[in-house]
Amino acid sequence: MWLVILVVLIAGFFVYLHRAESALRAYWTPDAESRLFSERPLPPPLQRNNITEYELPLRTSGRNIVDGKGRRFRLASVNWYGASDELFVAGGLDIQHRDVIAQTIKKLGFNSVRLPYADELVMKNPRILPHLVAANTDLANLPALDVFEAVVTSLTDAGIAVIINNHITSAQWCCGADPCDAGWANDHLGPLCPVKQTEEEWIAHWETVMSRFLDNPLVIGADLRNEVRGLWGTMPWRKWAEAAEKCGNRLLDMKTDWLIVVEGTESANDVSGAAERPVQLKIPNRLVYSAHVYAWSGWGELDGRFSKRSYASFVKTMRHNWGYLLENNVAPVWVGELGAPDEPSIGDAHYWKNMWRYLKAVDADFGYWALNPRKPAGNTRERYSLVKDDWVTPVKDYRLKDMIELTRQ
């Protein structure tokens, strides 16, 4: 009898979970404000948000990034990927000239770009085939690093700040369960990894990339490594902090002006280790921490993924993971990746609502993933894109609405 009751209870529990998950996956109907936003022209970007309105170089002061006069500069960033993927080139250069894409980014209201690269790009530096840069014929057959530099120059010539990001070791979509790309070095894995690098080689790749931007004041920083996690989230914070200090200090030896961005562990979700073991650089006021927050984040915690959390539960985790650094005026935190699809589920929209309610409350710096309408592998559609396939027409929906609201508050 008791066995029957136990089986019934277990079955009932799984039915409940299935129905709850199905409800989260249901299509979200845009609210009235989002529908109204989509029908109106985008507001012109505020001049006061542009990096060209600030006295460089930037530095940090408590929880803020500030300019030479002590004025807060808020990062309102977008990720433009491609150089970290298998084609070794930023997306869209076959569709629009890089200067046009830079202007599109400005019109969307962003003042900065996080531009990822793969270590494999630096190792091989392959020549970029003409069809990949069909709208930028001057870049055809140039080495990948030259093309990467040309993209950066177009952005900074347009008055957009750039933060370079070491995204992955092997040039491919990030991030899966592959241990070869779960940290900055993989030589301890021996023959398992087709693209190998030591910690010293990782730093040397950084030096190779950043040497091209020594005289470009709008290249404001280096995001040292994307989503450090180790095998299944086992990377100790202390180990990562030590490597970040070594790399960051080497870059500051090249140019003391750069901001050094250090992401959290657990796929950049968790910066709580900095409370007891802060990153310490040889040049003061150059450290910026970074966190990534998505709907599926929080999957290993008791309260579950952020797509299903109450606002109170969501805030509790944000405060523990990185919000405490802002609350206690310790250091800036840039939420360097967040994003949601253009046709969200109820769970996606729930996460997004909680995310932006909190970001607005703490007046956070952010970086949206991503600009690109297509992924390099198979030219598949990027559901998180902010532009249509022409790389010019904005996707005006709930996402741009909330981001623009934050940049104007």
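Look above for the structure.
Model, not experiment: these values are computed from the prediction. (Residues numbered from 1 in each chain as written. Predicted model: local features only at pLDDT ≥ 70, side-chain atom pairs only at ≥ 80, totals over all residues. Heavy atoms only, no water.)

Here the focus is helix H7 (residues 237–254). With 18 residues, H7 extends 26 Å from end C-alpha to end C-alpha; this agrees with the ideal 26 Å at 1.5 Å per step. The complete set of buried residues in H7 reads Trp237, Trp240, Ala241, Ala243, Ala244, Glu245, Cys247, Gly248, Asn249, Leu251 and Leu252. Those residues of H7 that are buried are in contact with helix H6 (199–210), strand E6 (219–223), strand E7 (259–263), helix H8 (265–268) and strand E8 (287–293). (Helix = DSSP H or I, 4+ residues; strand = E, 2+ residues; numbered from the N terminus. Expected span 1.5 Å × (residues − 1). Buried < 20%, exposed > 50% of the residue type's maximum accessible area, 1.4 Å probe, protein only. Contact = heavy atoms within 4.5 Å.)

For the rest of this paragraph, the subject is helix H3 (residues 98–107). All of the buried residues along H3 are Arg98, Ile101, Ala102, Thr104 and Ile105. Seen end-on, H3 carries its buried residues on one side only, within an arc spanning 155°. Looking at the buried positions of H3, the neighbouring elements they touch are strand E3 (76–79), strand E4 (112–118) and helix H5 (144–157). Immediately beyond the C-terminal end of H3, within one or two residues, lies glycine 109, with a positive phi of roughly 100°. (Arc of directions from axis to C-beta.)

It is worth spelling out the pattern of salt bridges at this point. Overall, the coordinates contain 27 salt bridges when judged by the stated rule. The salt bridge involving aspartate 146 is made with arginine 212; its shortest N-O contact spans 2.9 Å. You can see aspartate 146 sitting in helix H5 and its partner arginine 212 sitting in the loop between H6 and E6, a full 66 residues away along the chain. According to the relative accessible area criterion, aspartate 146 is partly exposed, its value standing at 29%. (Salt bridge = Lys/Arg side-chain N within 4 Å of Asp/Glu carboxyl O.)

Don't take any of this as a statement about function, it's just geometry.
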